[in-house]
Amino acid sequence: MEGDSGVTAHTEGLNGVFHHECKETEELTNGHSNHKPVMNGLMPGHSVKEHGNGSSVLKSLPISALKQNGILQSLAAGGKQPKTERESADVEQAREEWEALESIQPVVSEESSPTPLISFNEALQHFQTTDLGELLKKIQPTIRRTGLATFTHFLFGPPRLQRELLEERDLVFAIAQCSLDNSQAVHLRVLQTIYKRLTGSKLDSPRFGTHWENVGFQGTDPATDLRGTGFLGLMHALYLVMDPETLPLARDIFKLSQHPTQNFPFCVMSINMTCIALHALREEALSKECNRRQQVVGVLNEFYVATFLHLYQLWKSQQKTISDSGFVLKEVELFAKKNPKQMLRRLDVFLRERRYPDPTAQRPSPCLGGRGARSEGTRGKEMHFTGVCELPLNMEGEARLI
């Protein structure tokens, strides 16, 4: 090609000196195309000269062909190659992405705002308005008795729950069949509320992690501890920490659960109290009180708190440790199911003494089983709780329900 200057290039392959003679694959004349193959952007010639050192020298090539080779473009431009349109577009795109990243940051901070606490009534309303038809088919609200046991229970057992309370009772057992659902915002709010009220944290905690062990779950996922009670185990813990009267008790129990020697897993122990309450309801030990007050959920909640209080009293006064947990839980269950009325009365006394710590303060109903005025020397000191084995005999006898 006239007017173009020629160059001589040396090309080496990966495994030694590259020897190749490029031939024309197609050469048409008389007005047709004259096509030659291109290798790495170079137009090979018709012949190759061999040097003494074994390297091959290609035929002289035009500069226009040399510029097509990506490796030698800078040489063809004299080392001062201007920016291409492609490079300019990439730089512009990178700058826009960086600016977009900065503009996203405020949105992330808004999404990280803590979720609001949830009350027990709001959580209960969620289940009241949810279709639990499939779960209701699986419940067993009463003990199935046969033969002589049925006859004996009918004559000497507790009264049956009134018909108008059966639907509320069945709702309780349906909630106990419900598992923790990560797709339900109410479920997660219940879990977060329990954690925040016990620890004093203001921020949400990750759904999984070792931080759940700090409040007494056995592992990184609280759902694995709910097999026996379902979501009712969390509902009862929610009631304990959200009721203004029982929150101080919840914190006292939680403090004891962190004791160096008397420690125990708080939430797991709470779930065990829920399990005892469910057994008492199924065995109809709470039917009389439910009929009297015309409610099931309220009675069950208070019985759960009373059972937890009883365990707290026994555990603290008798210096129990985690090695005693099996025996203590069995003792608490037997006593609670046998004396539900006494359990509820002792809770009432406890809350009244918390509400009126001053013995000179006027109490609305001192005849409801209160302990009477406390001595001046005990004011302001930590309360001493009586263990189950230290109860007076007259108290044991007067509160028997069955």
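Residues numbered from 1 in each chain as written. Predicted model: local features only at pLDDT ≥ 70, side-chain atom pairs only at ≥ 80, totals over all residues. Heavy atoms only, no water.

## Side note on the nonpolar core
Val190, Phe231, Leu234, Met235 and Phe308 are the most contacted members of the largest nonpolar core, which has 81 residues in total. Once you skip the residues sitting within four places of it in the chain, Phe231 turns out to touch Phe127, Ile175, Cys178, Ser179, Leu180, His187 and Val190. (Core = buried A, V, L, I, M, F, W, Y, C linked by side-chain atoms within 4.5 Å. Buried < 20%, exposed > 50% of the residue type's maximum accessible area, 1.4 Å probe, protein only. Contact = heavy atoms within 4.5 Å.)

## Examining the pattern of salt bridges
Counted according to the given criterion, the structure contains 13 salt bridges. For Glu122, the salt bridge is made with Arg189, and the minimal N-O distance between the two is 3.0 Å. Here Glu122 is found in helix H4 (residues 120-128), whereas its partner Arg189 is found in helix H8 (residues 185-199), with 67 residues between them in sequence. On the accessibility criterion, Arg189 (17% relative accessible area) is buried. A single salt-bridge network, built from bridges that share partners, covers Glu289, Arg292, Arg293 and Glu302. (Salt bridge = Lys/Arg side-chain N within 4 Å of Asp/Glu carboxyl O. Helix = DSSP H or I, 4+ residues; strand = E, 2+ residues; numbered from the N terminus.)

## Comments concerning the environment of Leu232
Examined against the element boundaries, Leu232 turns out to sit in helix H9 (residues 232-242). Remark: the alpha-carbon pair of Leu232 and Cys275, spanning 43 residues in sequence, is separated by 9.2 Å. The contacts of Leu232, once residues within four sequence positions are left out, are Val172, Ile175, Ala176, Thr274, Leu278 and Leu300.

## A look at the layout of surface pockets
Roughly 520 Å³ of volume is contained in the largest pocket. Residue assignment for the lining of the largest pocket shows that the elements contributing at least two residues are helix H12 (287-293), helix H13 (297-317) and helix H15 (340-355). Looking at the lining of the largest pocket, the element that brings in the most residues is H15, giving nine residues. When grouped by side-chain class, the residues that make up the lining of the largest pocket number 10 nonpolar, one polar and 12 charged. (1 Å grid on protein atoms, 1.4 Å probe; cavity = no way out; pocket = protein on both sides within 12 Å on 5 of 7 lines; lining within 4 Å. Points joined across faces, edges and corners; volume = space filled by probe spheres on them. Nonpolar A, V, L, I, M, F, W, Y, C, P; charged D, E, K, R; others polar.)

## Side note on the packing of aromatic side chains
Evaluated as defined, the whole model comprises eight aromatic pairs. Geometrically, the ring pair formed by Phe120 and Tyr239 is edge-to-face, given 5.6 Å between the ring centres and 75° between the ring planes. Residue Phe120 is found in helix H4, and its partner Tyr239 is found in helix H9; the two are separated by 119 residues along the sequence. Residue Phe120 shares its accessibility class with Tyr239, and that shared class is buried. Their ring planes at 55° and their centres at 6.0 Å tell us that Tyr304 and Phe308 sit as a pair that is tilted. Linking Tyr304 with Phe308, this pair stays in helix H13, spanning four residues, or about one helical turn. Comparing Tyr304 with Phe308 shows no difference in burial state: the two are buried. By the ring-pair criterion, three or more aromatic residues cluster together here, those being Phe254, Phe266, Tyr304 and Phe308. For the cation-ring pair, Arg207 lies above Phe208, with the distance from its terminal atom to the ring centre recorded as 4.5 Å. (Phe/Tyr/Trp six-rings, centres within 6.5 Å; stacked < 30°, edge-to-face > 60°. Lys NZ or Arg CZ within 6 Å of the ring centre and 35° of its normal.)

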